[in-house]
Amino acid sequence: CMWISYEWGISGVNHKRITALLMSLVMLFPLSGCQIVDNVAKSIKDDPKNGVKEYAEQVFEYLKNEDIDSLCELFAPEVSVEHSLESEWKYFFDHVDGNIVSYKGLKYPGEGLGKDKDGEVYDSHISVNYSGVKTDNGTVYEEFGYYHVKVNRDDPDSVGLVVFTMQDPDTGNWITVGGEPD
């Protein structure tokens, strides 16, 4: 028993041996833990919500500034070809009561992710809704929202915003910019 306490430093005589043993264990973790860390990092990178909040905040800035050119650039090429996005955005802003100033929160009502047998993402998309959108005239819109294709390996021209919607609080009519191509 004395040998164990001396060898392992239990008696306090030899802390260097315990430190060396602990250091060896800590140094072994990267050899076995790299794959775990890589898998976690990849799943975070592949998450459809990755970067969505920042993207949504940028889109909202464009809305606040009525920056139609920047909003149009966000749309998927195939949507841009089939829609007159500039005139649709003008119609949209004509139906907003005042200037957009804020929103209460973000919701993600739908998302999807597809990976092939090698773990590569071939499809990633997400729906984003701004809740409680308020204008400088005090009008509150229950929700504005958009559908965003982030990755589509089979159809790269579908990557980007597909549709942006709002419901007019007075009429209940939906105002839509873009939409699924025919």
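Residues numbered from 1 in each chain as written. Predicted model: local features only at pLDDT ≥ 70, side-chain atom pairs only at ≥ 80, totals over all residues. Heavy atoms only, no water.

## So, the packing of aromatic side chains
And step 1. Taken as a whole and assessed by the stated rule, the structure comprises 15 aromatic pairs.
And step 2. Cluster of aromatic residues (ring-pair linked, three or more members): Tyr 55, Phe 60, Phe 75, Trp 89, Phe 92, Phe 93, Tyr 103, Tyr 130, Tyr 141, Phe 144, Tyr 146 and Phe 164. (Phe/Tyr/Trp six-rings, centres within 6.5 Å; stacked < 30°, edge-to-face > 60°.)

## Looking at unusual backbone geometry
Across the chain, the bulk of peptide bonds are trans and the bulk of non-glycine residues have phi less than zero.
And step 1. For Glu 66, which is not glycine, the phi torsion reads 50 degrees and is therefore positive.
And step 2. Relative to the assigned elements, Glu 66 resides in the loop between helix H3 (52–64) and helix H4 (68–73). (Helix = DSSP H or I, 4+ residues; strand = E, 2+ residues; numbered from the N terminus.)

## Comments concerning the confidence of the model for the protein
And step 1. Considering every residue of the protein, the mean pLDDT works out to 81; 72% of them sit at 70 or more.
And step 2. Mean pLDDT values over the elements of the protein span from 42, in helix H1 (residues 2–7), up to 98, in strand S1 (residues 100–102).
And step 3. Per-residue pLDDT stays below 50 along residues 1–13; that stretch engages in 13 contacts with residues further than four places along the chain or on separate chains.
And step 4. The model gives residues 31–45 a pLDDT under 50, and that stretch makes five contacts with residues more than four places away or in other chains. (pLDDT = per-residue confidence, 0-100. Contact = heavy atoms within 4.5 Å.)

## Regarding the pairing of strand S5 (residues 160–167)
And step 1. Pairing geometry for strand S4 (residues 140–152) and S5, over six bridges, is antiparallel. Residue pairing for S5: Gly 145 is matched across the bridge by Thr 165.
And step 2. With five bridges connecting them, S5 and strand S6 (residues 174–178) associate as antiparallel partners. Residue pairing in the sheet places Val 163 in a bridge with Gly 178 of S6.
And step 3. What sits between S5 and S6 in their antiparallel hairpin is a turn of six residues, with Gly 172 showing a positive phi close to 80 degrees. (Pairing = 2+ DSSP bridges.)

## As for the pattern of salt bridges
And step 1. Counted under the stated rule, the structure contains five salt bridges.
And step 2. The salt bridge involving Glu 61 is made with Lys 64; its shortest N-O contact spans 3.2 Å. Of this pair, Glu 61 and Lys 64 both sit in helix H3, separated by three residues, roughly a single helical turn. (Salt bridge = Lys/Arg side-chain N within 4 Å of Asp/Glu carboxyl O.)

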